[in-house]
Amino acid sequence: MRLKLTIGLFFALSAALVPSFGAQAAPRLAQGGDREIRVSVSASGGIAPSFESDRPLLLAPSWDWAASLSFRSRDWIVVRAGLGNFWTGDSAYDSYLFSYRGFQGATLSLETGYRLPLGGLKLELLAGAALSVSKYTATSLVTAFPSAVADIRLILPWAFTLFGAEDGRLELGVPLAFEWRASAATIEAGLSLGASIPLGKRSSK
Amino acid sequence: MRRLPRNASRLAGAFLTLAAVLLLASANACTANITMPSNRYAVVIGVQDYPGIDTKDWYDLSYTENDANEMASLLASNGWTVAKKLLSAAATQDAIKSAIDDLAVLIGTDSEATALVYYSGHGDVDAVSGTGYLIPYDGISFSDNTMSFDKTKWVTPAAMSLWLGQVGCKNKLLVLDSCYSGSFVEAGGSIDISPQDSNTYTGTKEKDVLATAFANFAGLLAASLDAGGDPSVTAITASGSEELSYDDSSTQNGAFTYYFLESATKGDSDGDGFVTATEALAYAKAKLKANWNMKNSYLGQALLPHISGGAGNLVLFAPGT
C-alpha cells in the first residue's frame, strides 16, 4: 500500500512537471545572487538495498521528505542542513525466507558542495554526513545510526514567486545515503523532487 | 515560446528514466515468487504436569501441552519438520538439550536452514542478577509430599545460547511462553522501549518514540555499535524480563500463545502471503493489549511480548501453503 502510494505520489509529481519541459508560457530564468540563504522542501522515493555479513543483498522500497536550509556563496554551497522523515519498507525475501526489517525515523544531515553550470541548467553536487534515529516497523525497538550522504541536484531553469519571495525554484535530485546500522548496512538511492525559496540574497556590485 | 537546451532536456529525461527504473526495481523486489523451502526444523516443548502427586498440583500448569500440540500441528501444516515434541515428563533439561543437539545433527552444515525452538512452561528470574530461567520438568523435585526447586536443571539464556550456537544454520528462532521470558531477548543493537513490566512501567513507555530517541541519541548510538548476542537468533517472548505470563482458561492456551497461533491466519499485515516473526509478534501484542490486558491489567496481570533487535526477519507461517 505504501509502495503504491510512493509510486503514485512520485509519478503524480513527475506528471505535473513534465509538461513544463515542452513550452509553457514565458518561464522566467532563475537568477542567483552571490550569497544566498535558501529554504527548501523535497520528497523522494527509491530503493534501499540492505546487506550484512553472510546475508544476501535484498531490495526494499523507501521514501522520505525533508526540509533544509542552505547557505551559498557564489558557487560554493557552504552548508546545507536538513531535517527529514524517512520510511524504508520490509525488504524482499531471499529464497530461504529471510528478509530485512523495515524501519522508519528521522534524520539530521549536514552537507557541503559546489554548483556547476550544465547546459542551461545548474547542477549542485553535495556530500556530507547524517545522524538518524529509527524504529523497526511494528516493533518497539529503536536504533540510531550514522550515514554518509550525497546529493546530486538539478536546478530547473524557471523561477516562481511564493509568499512574496521571488526566485523560487524547482529541483530534481538523486539523493544517496550509506547507512551504518547495527548489524546491517543499507544504501538508499532514489529520485527527489523539491522546491526552494530564498530567505535572503545579496549580490556584489 | 522557450525551449530547454537539448542537453538539459536529455538530462531531465534521464532523471525520469532513472526514476522509473528505480521504482520498477523496487516494486519487483516485493513481488518476487518464492516457494517454501523444505529445510525448516522445529523442536516443540510443553511442560504442564511437573513432578508431584497428580496432574493438578498447585504448581502445575493447565494448557501448556495444548500450546505445544497446537504449535507442532501449525508448524507442520506450514512446511516445518517438527523434529521433536517434548511434553511434560519427557521435557527434562537433558532431553531439551539432546533435542537441540539432534537438531544440530539434522541440519549439519546447511547454513541456509531454519531452526525453531518453542517452549511453553514455567519460568523464573533471579531477583538479584536478573538472570531468567526456563524450568524444565526436572527443575522441580517432589519428595516426602514436598515440592522443591532444583536450579541446576533450570535453563539459562547463556545455556540456551550455547546450545543454539551449535546449530549450524544462520536462521534461528526461539519462541518462549513463560514467566520472565523477556530476559532471553537480545538487544541486537537496539533499545527496546517496551516496558519489561507493563504493570509498573519499569523502563519506558511506548510513546514519543523518536523524541525520546533523539534525546538519548548518544546512548542509542553506543547500543547500535555494540550489537552483542548472537545475531542469528531471533527470540520472541510472551512477556518482559520482569513480567509474568499466564494460562488463559477461556482459550485453553497460554494467553500469548493463543494469539501467536492465530497470527498464522490473521497476522499477515502486509498481505504478501507470509507471516514473519515481526508480524506474528505485532499481531499477538496488539491482541493481548486489546483483549487480555484490557481485562486483567487491574489485577496487575498485563503482559507485553518482546522480540530481539537486529535487522533480520524470518518467515514463520505461510497461510497460502
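Structural data are supplied above this passage.
Read on for a plain summary of the structure. This structure is a prediction, so every number in the text was calculated from the model and none was measured.

Calculation rules
Residues numbered from 1 in each chain as written. Chains lettered and ligands numbered in written order. Predicted model: local features only at pLDDT ≥ 70, side-chain atom pairs only at ≥ 80, totals over all residues. Heavy atoms only, no water. Core = buried A, V, L, I, M, F, W, Y, C linked by side-chain atoms within 4.5 Å. Buried < 20%, exposed > 50% of the residue type's maximum accessible area, 1.4 Å probe, protein only. Contact = heavy atoms within 4.5 Å. Pairing = 2+ DSSP bridges. Helix = DSSP H or I, 4+ residues; strand = E, 2+ residues; numbered from the N terminus. Polar contact = N/O pair within 3.5 Å; in protein donor to acceptor, adjacent residues only side chain to side chain. 1 Å grid on protein atoms, 1.4 Å probe; cavity = no way out; pocket = protein on both sides within 12 Å on 5 of 7 lines; lining within 4 Å. Points joined across faces, edges and corners; volume = space filled by probe spheres on them. Nonpolar A, V, L, I, M, F, W, Y, C, P; charged D, E, K, R; others polar.

**Observations concerning the nonpolar core**
As a rule of thumb, nonpolar side chains are buried together in soluble globular proteins.
Residue and element names in this part refer to chain B.
Phase 1: Ranked by internal contacts, the top residues of the largest apolar core, which has 43 residues, are F260 and L316.
Phase 2: Those residues in contact with F260, other than ones at most four positions away along the chain, are M71, V175, I236, A280, A284, L316 and F317.
Phase 3: Counting residues in each nonpolar core, the second largest holds 38 residues, with I45, V117, I135 and W154 among its members.

**What to know about the sheet that holds strand β5 (residues 98–100) of chain A**
Phase 1: Here we have three strands laid out as an open sheet, ordered β5(A)-β15(B)-β13(B), and antiparallel in their pairing. Pairing within the sheet leaves two strands with one partner each, and these edge strands are β5 of chain A together with β13 (275–276) of chain B.
Phase 2: Pairing between β13(B) and strand β15 (residues 312–317) of chain B: two bridges, direction antiparallel. Looking at the pairing, V275(B) lines up with F317(B) of β15(B).

**Points about the environment of S77(B)**
Residue and element names in this part refer to chain B.
Phase 1: Considering the arrangement of structural elements, one finds S77 in helix α2 (residues 64–77).
Phase 2: Judged by relative accessible area, which is 47%, S77 ranks as partly exposed.
Phase 3: Taking the C-alpha atoms as reference points, S77 and G254, separated by 177 residues in sequence, lie 21 Å from one another.
Phase 4: A polar contact is formed between the side chain of S77 and the backbone oxygen of L74, at a distance of 2.8 Å.
Phase 5: Of note is the side chain of S77, whose polar atom sits 3.4 Å from the side chain of N78.

**Some points on the side chain of S120(B)**
Phase 1: Looking at where S120(B) falls in the secondary structure, it is placed in strand β3 (residues 114–120).
Phase 2: The contacts of S120(B), once residues within four sequence positions are left out, are I45(B), G46(B), V47(B), T64(B), D67(B) and D177(B).

**Details of the sheet that holds strand β8 (residues 171–177) of chain B**
All names here are of chain B.
Phase 1: What the six strands build is an open sheet, ordered β2-β1-β3-β8-β10-β14; its pairing is mixed. Every interior strand has two partners, whereas the edge strands, β2 (81–87) and β14 (306–307), have only one.
Phase 2: Bridge count between strand β1 (residues 40–46) and β3: seven bridges; the pairing is parallel. Within β3, the position partnered with I45 by the bridge is Y119.

**Details of empty space enclosed by the protein**
Phase 1: Evaluated as defined, the whole model comprises four cavities of 30 Å³ or more.
Phase 2: There is about 590 Å³ of room inside the largest cavity.
Phase 3: Taken together, 41 residues make up the lining of the largest cavity; nearest its centre are D64(A), A66(A), T107(A), V149(A) and P175(A).
Phase 4: Those elements that provide at least two residues to the lining of the largest cavity are β1 (35–47), β3 (61–73), β4 (76–88), β6 (103–118), β7 (121–136), β8 (141–162), β9 (165–180) and β10 (185–202) of chain A.
Phase 5: If you tally residues by element for the lining of the largest cavity, the top one is β4(A), at nine residues.
Phase 6: Taken together, the residues of the lining of the largest cavity sort by class into 17 nonpolar, 17 polar and seven charged.
Phase 7: Of the volumes computed, that of the second largest cavity is approximately 210 Å³.
Phase 8: Taken together, 23 residues form the lining of the second largest cavity, with P231(B), S232(B), V233(B), G309(B) and G310(B) sitting closest to its centre.
Phase 9: Secondary-structure elements contributing two or more residues to the lining of the second largest cavity are β8, β10 (233–237) and β15 of chain B.

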